[in-house]
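Residue strings, one per chain:
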Amino acid sequence: MDLVEYKNIIIDLKEKFKTHQIRASIKVNSELLEFYWYMGKKIIKIQKNYKWGSKFLENLSKDLSKEFPDVKGFSYRNLKHIRQWVNFWDNEIGKQLVSQLFQIPWGHNLVIIQKCKNLDEAIFYVQNTIKHGISRSVLIHQIESGLFFRDKKAINNFDKTLPNNSDLAKEITKDPYIFDFLTLSDDYQEKELEKGLIDNIKDFLLELGSGFAFVGKQYNLKVGNSDFRIDLLFYHIKLHCYVVIELKTTEFKPEYAGKLNFYISAVDGELKSEIDNPTIGILICKSKDDLVVEYSLKDINKPIGVSEYNLTKELPKELKNSLPTIEDFKTLKGQK
């Protein structure tokens, strides 16, 4: 590549950017990312066809920054990010989603390609960001807590009990729930777990997902001459329904489903208005046998999802295998 060709590249990118700048007042993010995609593809093509190393990006960064001194997007670091971004998505599947990438902020795009392990996981977080309009900090939390692997995974009977709304109902559940923000005693009971979740209500709502509004804990429900207390009561703004959450610090037992079924019926009868959709129940247990849960929900007539909870994020298997054992530490200590 000679100097004339290089200058033509600068002129082309300069004119392209000016064109997008004019339209950027209307659609700032999408116009910028559309330009980044164009520039990224051009950079990759040039570096593939010509034997230019990192100096090409460094020179390109300096020259474009000189032309547009107020634009931060032409830093050497960001040009490398742009190239990485295009490389990640420039494939048969990714190309179909390019227009969706332009709908989320640049910072979100970088988080997704740098933290996701494969294309399917990345696609999930792109679409989840568009659907819920989440912040970058929430996106990072979702990826680091493995939402992709947990989303909609709760065992449930929604297909039977909510035939017209089952998919939306499944979207508000996950399995397991990660309560790594809690500090509990070794022999904690349900009251301590419940108190910890309420004391950390911001983190708890973040883990539950968008749409949940807290109504009350140990919510008193009078049925006939008897009083009953629901562990946690929420209202889901998007589904327009009450959500009853029961906590169990033991393994799932069939009778738990029966009790939750009663609570859901009571909320439908005593609290639900004509404009509300049917109440949903979520049972969160320390552990569960999936087959036992499936049989327990088979003849239940109210919508219930059953999940487990973890108090810590478990390390991926491959990372666990790479960590030194106690024996390794002893060996190292003996060598000193």
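Fair warning: this is a prediction, and the values are worked out from it, not measured in the lab. (Residues numbered from 1 in each chain as written. Predicted model: local features only at pLDDT ≥ 70, side-chain atom pairs only at ≥ 80, totals over all residues. Heavy atoms only, no water.)

1. Brief notes about the environment of L311
Along the polypeptide, L311 turns up in the loop between β7 (304–310) and α16 (317–322). Put simply, L311 and L182 are 129 residues apart on the chain and 6.9 Å apart in space, counted from C-alpha to C-alpha. (Helix = DSSP H or I, 4+ residues; strand = E, 2+ residues; numbered from the N terminus.)

2. Concerning the environment of L232
With respect to the secondary-structure elements, L232 resides in strand β4 (residues 226–236). Among the residues examined, L232 registers a relative accessible area of 0% and is labelled buried. In this structure the C-alpha to C-alpha distance between L232 and G216, which are 16 residues apart in sequence, comes to 6.0 Å. Excluding its chain neighbours within four sequence positions, the residues that come into contact with L232 are E194, L197, I198, F204, F214, G216, K217, V243, V244, I245 and L247. (Buried < 20%, exposed > 50% of the residue type's maximum accessible area, 1.4 Å probe, protein only. Contact = heavy atoms within 4.5 Å.)

3. A short note on the packing of helix α6 (residues 106–115) against helix α8 (residues 136–144)
It is at 10 Å that the axes of α6 and α8 come closest, and there the two elements cross at 15 degrees. In this view, α6 runs roughly parallel relative to α8, as classed from their interaxial angle. When you trace α6 past α8, the crossing you get is right-handed. Facing G107, H108, V111, I112 and K115 of α6, the residues of α8 in contact are R136, L139, I140, I143 and E144. (Axes fitted to C-alpha atoms, helices over the stretch in contact; angles between N-to-C directions. Parallel < 35°, antiparallel > 145°, perpendicular 65-115°, else oblique. Left-handed = near helix turned anticlockwise from the far one by under 90°.)

4. Side note on the pairing of β7
Two faces, one strand: in a regular strand the side chains alternate between the faces of the sheet. The buried fraction of β7 is high, at six of seven residues. The pairing of strand β1 (residues 155–156) with β7 spans two bridges and is classified as antiparallel. Within the sheet, the bridge partner assigned to I155 lies in β7 and is V306. Of the strand pairs in this sheet, strand β2 (residues 177–178) and β7 are connected by two bridges, and their pairing is parallel. Looking at the pairing, Y177 lines up with Y309 of β7. After leaving strand β6 (residues 280–287), the chain enters helix α15 (residues 290–298) and then returns to the sheet as β7, a path that is right-handed. (Pairing = 2+ DSSP bridges. Right-handed = clockwise from strand over helix to strand, strands pointing away.)

5. A few points about the pairing of β4
Bridging between strand β3 (residues 212–223) and β4 involves ten bridges; their strand directions are antiparallel. Paired with Y219 across the two strands is I230, which belongs to β4. Linking two consecutive strands that pair antiparallel, namely β3 and β4, is a turn of two residues; a positive phi of about 65 degrees is found at G224 within it. Where β4 meets strand β5 (residues 241–251), five bridges bridge the pair, whose relative direction is antiparallel. Residue pairing across strands places F234 opposite V243, the latter belonging to β5. Two successive antiparallel strands, β4 and β5, enclose a turn made up of four residues, where H240 displays a positive phi of approximately 55 degrees.

6. Structural notes on the environment of E171
Among the secondary structure elements, E171 is positioned in helix α11 (residues 166–171). Note on E171: relative accessible area 27%, which makes it partly exposed. When near neighbours in sequence (up to four residues on either side) are disregarded, E171 contacts K131, D151 and K152. For E171, the side chain forms a polar contact with the side chain of K131, separated by 2.5 Å. (Polar contact = N/O pair within 3.5 Å; in protein donor to acceptor, adjacent residues only side chain to side chain.)

7. Here's the deal with the pattern of salt bridges
Scanning the model with the defined rule gives 13 salt bridges in all. We note a salt bridge from E207 to R150, for which the minimum N-O separation is 2.6 Å. Taken as a pair, E207 in helix α13 (residues 201–208) and R150 in helix α9 (residues 147–150) lie far apart in primary sequence, 57 residues in all. Take E207: its relative accessible area is 2%, and that puts it in the buried class. The shortest N-O distance in the salt bridge between K170 and D159 comes to 2.9 Å. Here K170 is found in helix α11, whereas its partner D159 is found in helix α10 (residues 158–161), with eleven residues between them in sequence. Through salt bridges that share partners, D175, K288, D290 and E308 make up one connected network. (Salt bridge = Lys/Arg side-chain N within 4 Å of Asp/Glu carboxyl O.)

8. Thoughts on the confidence of the model for the protein chain
When pLDDT is low, close inspection of the predicted coordinates is not appropriate. The predicted model of the protein chain averages 87 in pLDDT, with 85% of residues at 70 or higher. Here residues 314–323 scores under 50 on pLDDT; set against residues more than four positions off or in separate chains, the count is three contacts. (pLDDT = per-residue confidence, 0-100.)

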